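# Working through the structure, step by step
Residues per chain are reported as follows:
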Amino acid sequence: MDLLGWILFFILAVVIMVVVTKFVTKKFNIPTQPAGKYVHVNMWQKQLERMFYIVFLIVLMIEMFIVQNTRPFSIYAFLVLFVGSRMFFEYRYRKENKQYIIYGVTFVYMLVFFVIIDRIG
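The notes below deal with the structure included here. (Residues numbered from 1 in each chain as written. Predicted model: local features only at pLDDT ≥ 70, side-chain atom pairs only at ≥ 80, totals over all residues. Heavy atoms only, no water.)

Given two aromatic rings, one states the distance between the centres and the angle between the planes to describe the pair. Scanning all chains against the criterion turns up 15 aromatic pairs. Aromatic pair Phe-9 and Phe-113: ring centres 5.5 Å apart, planes at 5°, arrangement stacked. Of the two residues, Phe-9 is situated in helix 1 (residues 3-27) and Phe-113 in helix 4 (residues 99-120); the sequence distance between them amounts to 104 residues. Overall, Phe-9 belongs to the buried group, its relative accessible area being 16%. A residue is classified by how much of its surface remains accessible, and Phe-113, at 16% relative accessible area, is buried. Counting every residue linked through ring pairs, the aromatic cluster contains Trp-6, Phe-9, Phe-10, Tyr-76, Tyr-109, Phe-113 and Phe-114. For the cation-ring pair, Arg-86 lies above Tyr-38, with the distance from its terminal atom to the ring centre recorded as 3.7 Å. (Phe/Tyr/Trp six-rings, centres within 6.5 Å; stacked < 30°, edge-to-face > 60°. Helix = DSSP H or I, 4+ residues; strand = E, 2+ residues; numbered from the N terminus. Buried < 20%, exposed > 50% of the residue type's maximum accessible area, 1.4 Å probe, protein only. Lys NZ or Arg CZ within 6 Å of the ring centre and 35° of its normal.)

See below:
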C-alpha cells in the first residue's frame, strides 16, 4: 500500500471511530466528558498508568534499537492495556457516568484496527 492509501485508510478509520462513538453516546445517553485533563478514579489508577508509560518506553526502546523489530508490538500492547485498564477502573468505580462503554467501544475498535493493520502491512 502506498503512502496515499495509508493516509486515506487512517482518515477513514478516524471518521468511523468518531461516528461510532457519537452513535453509542446518543444510544446509551452518556454525558460528554469535559475537555481537558482526565481525572483519575483513584490513586491506584494513576500509578498504574504511570507504570504503563515507563514500561512502554523501556520496552519500545529495546524493541526499536536492540531487537530492531519492524512491527512495534509494544505499541499495540500498550494501547490495549492502557484503554483496557481505564475501561476496568471506570466500570468498577464510576458506573453511573457510563464512560466505560465508550472505552469498551474504543478497546474493541483498536483491536480490530490493529488486526487490519497487521494483515495489510
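Turning our eyes to something else, we now look at unusual backbone geometry. Although it is not a glycine, Asn-29 adopts a positive phi angle of roughly 55°. The topology assignment puts Asn-29 in the loop between helix 1 and helix 2 (43-67). In this structure Asn-29 comes out as exposed when scored by relative accessible area, which is 64%. Of note in this structure, Lys-98 is not a glycine but carries a positive phi near 60°. Relative to the helices and strands, Lys-98 is located in the loop between helix 3 (73-93) and helix 4. A residue is classified by how much of its surface remains accessible, and Lys-98, at 30% relative accessible area, is partly exposed.

Once that is clear, we can look at the environment of Val-39. One can find Val-39 in the loop between helix 1 and helix 2. Under the relative-accessibility criterion, Val-39 is labelled exposed at 56%. Considering only alpha carbons, one finds Val-39 and Phe-56, 17 residues apart in sequence, at a separation of 21 Å.

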